[in-house]
Structures are given as C-alpha cells and as structure tokens.
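Examination of the molecular architecture
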There are 2 protein chains.
Amino acid sequence: MLETFDLSVRISSESYDAIIDDLRVKLNELQRQIQKQQRAVLIIIEGRRGSGISPLVNKLYQALDPRGVRVIAVGEPRDVERAHSLMWRYWNQLPASGVIAIFDRSWYSRAIAEQYNAKEMDSFPDGPLHAAVDFETQLAADGYLVIKFFLEISEKEQEKRIREKHWDVFAPGTKGGAERREKNSLPGYHEGTALFEKMFMRTDLASSPWSILVAEQIKYAEVQALKSIISSIELWLQRQRSFQETYLIHKAEEEQPPSVLLESTVLGNLDPDVPMDRSVYKEEMKRWQKKLADLQIAFYKARIQVFVVFEGWDAAGKGGCIVRLTSLLNPRGYVVEPVAAPNIVENRYHYLWRFYKMFPENGHMTVFDRSWYGRVLVERVEGFCREDEWKRAYYEINQMESLLYGNNAVIVKFWLHIDQDEQLRRFEARQADSKKQWKITDEDWRNREKWGQYLSAVDDMIHRTSTPHALWTIVPANNKYYARVYTIKVICEAIEARLQAHKKEDRYKKK
Amino acid sequence: MLETFDLSVRISSESYDAIIDDLRVKLNELQRQIQKQQRAVLIIIEGRRGSGISPLVNKLYQALDPRGVRVIAVGEPRDVERAHSLMWRYWNQLPASGVIAIFDRSWYSRAIAEQYNAKEMDSFPDGPLHAAVDFETQLAADGYLVIKFFLEISEKEQEKRIREKHWDVFAPGTKGGAERREKNSLPGYHEGTALFEKMFMRTDLASSPWSILVAEQIKYAEVQALKSIISSIELWLQRQRSFQETYLIHKAEEEQPPSVLLESTVLGNLDPDVPMDRSVYKEEMKRWQKKLADLQIAFYKARIQVFVVFEGWDAAGKGGCIVRLTSLLNPRGYVVEPVAAPNIVENRYHYLWRFYKMFPENGHMTVFDRSWYGRVLVERVEGFCREDEWKRAYYEINQMESLLYGNNAVIVKFWLHIDQDEQLRRFEARQADSKKQWKITDEDWRNREKWGQYLSAVDDMIHRTSTPHALWTIVPANNKYYARVYTIKVICEAIEARLQAHKKEDRYKKK
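This is a predicted model, so every value here is computed, not measured.

To continue, consider the interface of chain B and chain A. At the interface, 58 residues of chain B touch 58 residues of chain A. For the chain B and chain A pair, buried surface summed over both sides reaches about 5000 Å², with 54% attributable to carbon and sulfur atoms. Taken together, the links from chain B to chain A amount to 6 salt bridges. Among the salt bridges present, the one from aspartate 104 of chain A reaches arginine 332 of chain B, with a minimum N-O distance of 2.6 Å. Those elements giving two or more residues to the side of chain B that touches chain A turn out to be helix H1 (13–36), helix H2 (53–63), strand E2 (69–73), helix H3 (79–82), helix H12 (278–301), helix H13 (318–325) and strand E7 (334–338) of chain B. Partitioning the side of chain B that touches chain A into residue classes produces 27 nonpolar, 15 polar and 16 charged.

Pasting the structure below:
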C-alpha cells in the first residue's frame, strides 16, 4: 500500500495561499454544525518517525475554533494508565459532544511499539490491533466520526529530519529522553513498512478507513488533510441527518408491539425463597467476611481487578449486601459506586464513558450499585434511549467485559430476585418507618407497575450477557440473610478461581 | 498535647451497641441536609502508624449513604501529580456539593513524610504545612467544612499492631512494598510525637481544628468520631443558614452605590494606539515566534510551567494573539483553554476547581483565553456571585498564583486594551462579514453598555492582583500588529528571566 504512493508531489506557495483560507473557513463552519448536532470527531494522526505529525497537528489545532477542539498527545502510558486495561486511557480522553479531538499519535503507535517489543505482547492475548478495531467500531456505532491519517515520507527525508530537528523532545509525562526511548521502541524504515502494512490491513475499517498523506512537504500534507477532513465530516453529517429522519419515519410507521408478555424463562423458574436462620447467618457471615478480607490482600498482590455488579428489583436488598460484603475490607482497596441516571455532562459522551472512570485499578475492587446494565434495563423500559441503542448494547457490553477479563479482571454480576409480594411488604415497611421513608419514592411505585416489562428486559439481559468470563448469578433474595451470605460466597469463589488460574499459569511459565 | 491524653479509656460492647445505631441514623439525616443545602465536607483521618486509620475510615464509609460519600486514599503521589504543584492533587479530588469526602491519610501525612525526608523540602520553600493552611482556609471561606482527626495509640499498642497485621499492604498506585517505604518515610514513635505536635501547633485552625481520638480500641474511636462529626456538622449547617439570612437582610437594607464612576487610574492614562507597520510586523513576528519555539524546548527541559492569561475587552483581539503565539510551538507541549461560564457540574465545586484541571504540567504551557479572573470581572459586574465572594477572590487568586510560582511557574497576564470607538468599528466589521457574523452576539452589545462598570472592575483587579511573581501587562491593542508582537515578546522575556534565575540557582548550588 505504502509503496504505491508518489512521494514527489508538492504544492506551490501560490496555490497554497490561494486555497488555505477557504479550507479553514469551511472547516470552521463544519465545526459549528458539529456543535449544533451534538456529535464528536476523533482525528488520528499517525506516521513514520520524523514525518511531521506534531507540526500537522498544530496546523489543524490552529485552524479550528479552540472552544471545540482538544489535542491529545499520546506517549508512554502514565502509572495510572498502566494500572488499567489497555484502552482505558482512550475511553477517558473521549471528546465530549461538540468537540473534535486531534490525536498526536494514538493507540496505533502504542500497538506498534508493543508489537515491536514482543515482551509486552504477552499481556494482551487479543492483540492491541484487535482492541483498536473494537474501540473504533463502538464509537462509530454511537455516531462518532473517526478519521485516520498516516504520514508517509521517504527514507532519505526521514534521515534528514531526524538529524536536523529536535522534533521528539516532547513526550508527555517524561523528563526528556523521549528520543532515546522512541529509537528503541519504534522500528526502522523498512521494518516499519512491513508493520504499518499489517496495521492498515487489519484496521482499515469501513467506518474508519486509513488515509495516507504524502508528507515530504508539510504544506501539501496540510492541504490534503484539510480537504479529506472536510469531505469526511460533510458525508458523515449528511448520514447522521438521514439516519435521524429514517429513524423517525420508521418509528412513526412502526406497529405497536403486542402487550402480552411472554413468560420469563430465567426468573420464572426461580423460587426467591431460600430460608436461613439467624444463627447460621451470623456464623456464615463472619466466616465469609473474614475470607473476603484475606482474599483482598491476595488479589491486591496478584494485581487482579475485581468488578462486582449488583442489579435487582427495587428494595431487593442491594445496599444491605454491599455493606456486609465490604465491612472487613480495607477502604484503600475498594470503592462502592452507586449508579444513577447520567448527568448533563455525562450525556455528552458514549454511555460507557462514565463507567470507565469508575473502573478499579489493578489490585482494587469496585462494587457497582446498579451499573452499565441500566442501558438494557431502565433505559430500555423507560425509553431513555433508542431501540437500536439498547439492542446494540448487549454486544458492546460483552466486548467491554471480555477486554476487561483479558486484563486480569474478575467480573461477578448479581441479579437480586424477590417476588412482587415481598417487594410490596418492603415498600410498606419503609413507608411506615420514619427513619426509612426517604428511601422510598414515587418512582419506586411507578417502576413496580412495569414489573412485566422489566421481567422481559431481565430475561434478555441474562440470556445475552452471561458469558463464560462474566457470568450472571441470580440470587434468591426474599430472605435477606441468605442473599447476603450467598453473594459474598460467590465473590470469594470467583476470586479464588482466578487466583488458582494465576498459579497454574505461573507453574506453566516456569516449565 | 498528645501526652495529656488518657489512652486507657474504653467503651463496653453493651454501651456501643446501645448508641451506635442512633449515631448512624443521625449522621444519615445530616447527610441528606448537606445534599439539600448543596454543601460539601472533608473528613481527614490522620494518625500514627498502626493506629487503625483504614478500619476507622471503613466504619465511616459504611455508616454513610454511598451516594454522598467518597473515600480518598492518599499515598505516594502519582507521576501526573508529581508533575503539578503540591496541592494540585487535592484540588482535583475536592468533593462536589452534596458529598462527604473521607481522607484515609491526607496532605498531612505527605507533609510529615516530606518534613522527615529533608531532601524533598528544598522544592517547597513555603513548606507543606503552610500550603495546608492556605488550602483549608480557602475551603472554609467558600463554605466547605473540614474536620480533622488524629488517631493516637500507645507505643506498646503500636508495636503489637505492626507485628500482627498486614495493615499497610495497601497503598494506591504501588506494587506492594508500601510497608517498606512507609518505614523509611515515617518517623518512629517519639520522633513522631515531636513532629505531630509541631503539626498541631501550626495547623490547628479556628475553622478546621484538630481532634485527637484515642484509638487503643477501635469501637471507642468510632463512637467518638461519629459524635464529633455530628456536632461539627450541626454547628456548621446552623452557621451556613444564619450567614445566608444575615446576608439577605444586609443586602435588602444596603444603600445602592452612587452611580458616578471614578476615573480609571490604570486604563485611563493609557493610549491604546501604538502604530506598527505591516513590514515591521512581519519581521518582528517571525523573530519572536522563532524565539518562543526555541524557548519552548528550554522551558520543557527546565520543567517550568508557563501560564499565559489573556483578558481584555470583547473584540480586543485575544484569539488573534493566541493563534500567532502558538503557531510554531509543538502541540505536545501546550494547550489553549477557552474559558466560558462554568457548567452545572463545575458549579458544584469551589470556583477555582475547574482551573486546576486546566493547569499545565511541569514543562508545559497553558494559554487561557479568559480565566479565573472572570470572578472579579464578569461575575462581579453581572452579579453572578455575591459581593463577599468576589472581594475574597483577590486574596484567593494571589495565594494560588504565589503557590504556583513557588512550584516553578512563569505567570504572564495580559489585559488587551482598546478604546470604545475601536470596539465599535470591530463589532460592525464582524457584523458585516458573513464569515464572522457568528463571532458577535447580543451579549457583546450588552457588555459594551457596561463599559464603565468593567473599567472599575479592571482597575481593582490590576491594583490588587499585580504581584511581583505574577504581573499584569496592559497591552495597547488598537493596532493588532503591535499587540500580537508585544504579547509574544513579553512572554519570551518572562520565560528567559525565569530560566536565568534557574541558572543562577544552579551555580549557587554548585558552590
């Protein structure tokens, strides 16, 4: 692919001057449309060493209205970034709606560096390029535009630039020395060609294709980049609009679904009543709490991330379970994240973005009191998102959890199941107790009326997202004692299983 | 202070069981009031090694409604934190309104560690305890409550606990080894007593006093902590309410200020017209842009943070100056931050909080297109904040800038001055040009009518916040060429002066 390009093309100063201002004005107009339509764009600038990535980034940065642009300089991961899964840092840096993010290098430079240093490859069995494809696909599905450029120069020009310039003094978060590191972590010219070709082949997606920019002359690259960005954005805004229109027409014509609900296949067969005596409870609770406290030290040392997700009916006892399971833990190693509706700022991002901010570091545990599954539960039932959005979410969630698992995570997911009679008893008890009245709201009563719709949603969720590395556990929760002990036990067993797997791997490696 | 405590006090299991639930319920009620009144609380738990800080933090964490609580575990600074000024990380972790933040160790442990390792002291000439006092004072002034506990145990108990437990396995962001580090960075028992006494003496503030908790028995400490937290919060909520009432009465009775405005002493004497030819401009511009690009590498290597603040009349040409000054810079080393009104999430914090998120790392530059000075300009003139708030802001800003300067910063602040005729010409030109119409809004015309009020505000601002380490430069800006060249020149000179000072220091150190 790279070798088919004519690197001798150039633009004259006169031609450049004649068109550059118009291109910038055009881009500025598009930027305002992006803001108006509340969309976001990622522009990735990759290329060979010395190909002028930073100068081109600066040209684009300057061409854009600063209120709607972010430059993201990708270098070696920070310590916080190393303590999370591979793509975590990019999720965190996702542009909000109305913003164009320009990436000065990206996950691709990291992927190349990691591919090149085979040592690091071990820890990413799925491969960083695979992760890149997943990431871009998820963004595209959510209406983001991802534009990818690769700057190509000749070997001669590369040698010249590296000799002349201090173009790689800058690398975020390092005390200089970037040049030395990059020399070691980036391949030479011809070796590079092979790696880049592989990268193009595997990541040239329909929704985010690669464009090669000839960068022997920076002005030429700038003009080509601007033209390409403008046409990509125009096409994409057009598509967004026609999607909206099609969707609205489709919605209006759609027949209402039949109001008869199917029997629940998952929850229908489960008896939510499992008895447990107070004396047994006290003893078992002490035992498993102690066990989990010991395991906390073990998974901290093994750098395992633990995700515990609590979903369930209102008043099913999620909070009570969470207080018990954390009561002997060290607060430096866990966090409880109560998840409510997204706020106005969070709504400007992909719906998974805010959860990435809550994810535990290696060795830590996050307990989610409700979670990203809200997308396929409350948001589906209440119509807070479109149908295509929640339908897509099953796949998106499985993909995310699979990547987390690959990064050494334990993922335990609970659905706390009580029956309608038990819920009514608990609602009434709360209302009768002046200390607990604040816990019950009109919304709880409204949700209760939609029991059937939630039942279908829970069924679908459990069928579609119970994967081998992130199983759902349905917890009979009419008896609080049983539910509290059982959840801690399941967590302990899941952590132990992962620790065992670790030990086996270690033994295998030693052989 | 420490030696006057009777460490043998204890609570019986019966007494504990009898009161603990009531204390928790009471605290929960207060938590809901905090949410309603949109205030925030910081609870600092400090203490000797092995005094049970984490277990107590966990007790408090569990006692509170998880929707309104955050645990912040303070350990060694992360690389990002090291790349900023001393208190940056705590500003970043400030609780939003409605939230209680529980600090498992805090800036005090860091201060003690740094005090103990004299090596690190050099870089904080003002002293970390001084910085702590400033920080807490600023929070108190803004209506935050800061509660500070110190857990005291006997030497015998300390030895026993350190022998028995793995209580210090956890330290955020480290691969274990915390115990070893803490042993080196924290003083022994008696040496500690001396340091802690010094800490109490210097930081026992009226608004945030120290409470010593006897922690030989964790239940006793928990009960004392809960009682103390409850009474502190009650008193503080009471004060907040009476402040609001007093303020409203005072406001209602207040006489309207006379509408005659004094002559501006700062801007009044300045001729905004300084001519510059296009040919001189082109030459000078090239020279200073090149100079700044060279200096960028120098200040990156010297780890100097550069803050450039642009304030000025609407249409004074801030954006044009910024584009010119950044045009040859490496985008990996600078950011332009356009500052608009705070959004709904930002409004839940101290007004300076959002700026901390924009501050450059060591070696980087941030260019602010408007800034924290909005507090004493637009917010004052438009009444977006209370009078006591903007009056307090001068001191708060000076304090902040002084700490930044102490952390190796260059702070350059511009007021771009044009006269009213020139502004009118530019407004009309914008309105006439279809490509620029979007730049001019009704708000701009409204602001123009308040020219006189802004003049007073600018006067006050420049008088009160032009400090030796963060001077204001008033830029005659009727001629755009002159303003653009002059601002880059001032920035270059300020950076060079700081680099020179560095070299002198280095020479001095070598002697």
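Next, the rest of the story.
For the pair chain B and chain A, the relating rotation is 180°, the translation along its axis is 0.0 Å, and the fit reaches an RMSD of 0.0 Å. Considering both components of the superposition, the chain copies are consistent with a two-fold axis. Comparing contact sets, 100% of the residues at the interface of chain B also lie at the interface in chain A, consistent with an isologous, same-surface contact.

Time to look at the sheet that holds strand E9 (residues 409–417) of chain B. All names here are of chain B. Judged by pairing direction, the sheet is parallel, and its 5 strands sit side by side in the order E7-E8-E6-E9-E10 without closing on themselves. Two strands close off the open sheet at either side, each with one partner strand: E7 and strand E10 (472–476). Put simply, the sheet's adjacent strands are angled 20° from each other on average, direction ignored. With 5 bridges connecting them, strand E6 (residues 305–312) and strand E8 (residues 365–369) associate as parallel partners. Opposite phenylalanine 310, over in E8, you have aspartate 369 as the bridge partner. Contacting E6 and E9, helix H16 (residues 387–406) crosses the sheet at an angle of about 135° to E9.

As a further point, take the pattern of salt bridges. Residue and element names in this part refer to chain B. Enumeration over the complete set of coordinates arrives at 68 salt bridges over all chains. With a closest N to O distance of 3.1 Å, lysine 290 and aspartate 294 form a salt bridge. On the criterion of helical spacing, the pair formed by lysine 290 and aspartate 294 is a turn pair, its members being 4 residues apart in helix H12. Assessed through its relative accessible area of 47%, lysine 290 is described here as partly exposed.

Residue and element names in this part refer to chain A. The predicted model of chain A averages 88 in pLDDT, with 89% of residues at 70 or higher. Predicted confidence is poor over residues 120–125, with pLDDT under 50, and the contacts of this stretch with residues over four places away or in other chains come to 9 contacts. Between residues 171–180, whose pLDDT stays under 50, and residues either more than four places distant or in other chains, the model counts 22 contacts. With pTM at 0.88, the complex prediction returns an ipTM value of 0.85.

Turning our attention to the packing of aromatic side chains. Residue and element names in this part refer to chain B. Here the structure, examined in full by the defined rule, presents 56 aromatic pairs over all chains. For the ring pair tyrosine 108 and tryptophan 210, a centre distance of 4.8 Å and an interplane angle of 65° mean the geometry is edge-to-face. Here tyrosine 108 is found in helix H5 (residues 107–116), whereas its partner tryptophan 210 is found in strand E5 (residues 210–214), with 102 residues between them in sequence. We note that tyrosine 108, like tryptophan 210, is buried. On the basis of an interplanar angle of 5° and a centroid distance of 3.6 Å, the ring pair of tyrosine 349 and tryptophan 353 is categorised as stacked. Just as tyrosine 349 is buried, tryptophan 353 falls in that class too. Here the guanidinium or amino end of arginine 48 rests over the ring plane of tyrosine 189, the centre of that ring lying 3.6 Å away. Across the ring face of tyrosine 394, the terminal group of arginine 464 is positioned such that the distance to the ring centre comes to 5.1 Å.

Residues and elements named next belong to chain A. If you check the backbone angles, arginine 370 has positive phi at about 70° while not being a glycine. Following the sequence through the fold, arginine 370 ends up in the loop between strand E8 (365–369) and helix H15 (378–382). Within the chain, asparagine 408 stands out as a residue other than glycine whose phi angle is a positive 80°. Overall, asparagine 408 belongs to the buried group, its relative accessible area being 18%.

Moving on, we get to the packing of helix H7 (residues 128–141) of chain A against helix H10 (residues 189–203) of chain A. All names here are of chain A. The interhelical angle for the contact between H7 and H10, taken along N-to-C directions, is 35°, at an axis separation of 10 Å. Relative to H10, H7 is oriented so that their crossing is right-handed. Note on element contacts: H10 touches H7 through Met199, Arg202 and Thr203, opposite Leu129, His130 and Val133. Tallied by class, the residues present in the contact of H7 with H10 amount to 3 nonpolar, 2 polar and 1 charged.

A few words on the pairing of strand E1 (residues 41–47) of chain A. All names here are of chain A. For E1, the tally of buried residues reaches 7 of 7 residues, placing the bulk of the element in the interior. As paired strands, E1 and strand E4 (residues 145–152) are joined by 7 bridges and run parallel to one another. Looking across to E4, one finds that isoleucine 43 is bridged to isoleucine 147. Summarising the sheet, E1 and strand E3 (residues 100–104) pair through 5 bridges and their orientation is parallel. Bridged to isoleucine 43 within E3 is isoleucine 102.

This brings us to the side chain of glutamine 423 of chain A. Residues and elements named next belong to chain A. Summarising the element assignment, glutamine 423 is placed in helix H17 (residues 420–432). Given the relative accessible area of 2%, glutamine 423 is considered buried. The residues touching glutamine 423, leaving out its near neighbours within four places in the chain, are Trp313, Asp314, Ile418, Arg448 and Trp451.

Conventions used here
Residue positions are counted from 1 within each chain, in the order its sequence is given. Labels are handed out in written order, letters beginning with A for the chains and numbers beginning with 1 for the ligands. A pLDDT threshold of at least 70 governs which residues receive local features in this predicted model, and a stricter bar of 80 or more applies before side-chain atom pairs are shown or counted, although totals over entire chains, interfaces and linings include all residues. Each side-chain value is derived from all of the structure's non-hydrogen atoms; neither hydrogens nor water enter the calculation. In what follows, a contact means two residues having at least one pair of non-hydrogen atoms within 4.5 Å. Joining two parts hides part of their accessible area as seen by a 1.4 Å probe, and the buried area is that hidden amount summed over both. One side-chain nitrogen of Lys or Arg within 4 Å of one carboxyl oxygen of Asp or Glu is enough to make a salt bridge. Helix numbering and strand numbering both begin at the N terminus, where a helix is a DSSP run of H or I of at least 4 residues and a strand a DSSP run of E of at least 2. Amino acids are sorted into nonpolar (Ala, Val, Leu, Ile, Met, Phe, Trp, Tyr, Cys and Pro), charged (Asp, Glu, Lys and Arg) and polar (every other residue, Gly among them). When the copies are overlaid, the least-squares fit takes in C-alpha atoms only where the residue has pLDDT of at least 70 in both copies. For two strands to count as paired, DSSP must find a minimum of two bridges between them. Orientation is described by lines fitted to C-alpha atoms, with helices fitted over the stretch in contact, and by angles between N-to-C directions that extend from 0 to 180 degrees. Here the term buried applies to any residue with accessible area under 20% of the maximum for its type, exposed to any over 50%, and partly exposed to those in between, with areas from a 1.4 Å probe on protein chains only. Confidence scores here are pLDDT values: one per residue, from the predictor, ranging 0 to 100. Pairing of aromatic rings covers Phe, Tyr and Trp, the last through its six-membered ring, and needs centres within 6.5 Å; plane angles under 30 degrees mean stacked, over 60 mean edge-to-face, and all others mean tilted. Criterion for a charge above a ring: Arg CZ or Lys NZ at most 6 Å from the ring centre, at most 35 degrees from the ring normal. By definition, turning the near helix anticlockwise from the far helix through less than a right angle yields a left-handed crossing, and turning it clockwise yields a right-handed one.

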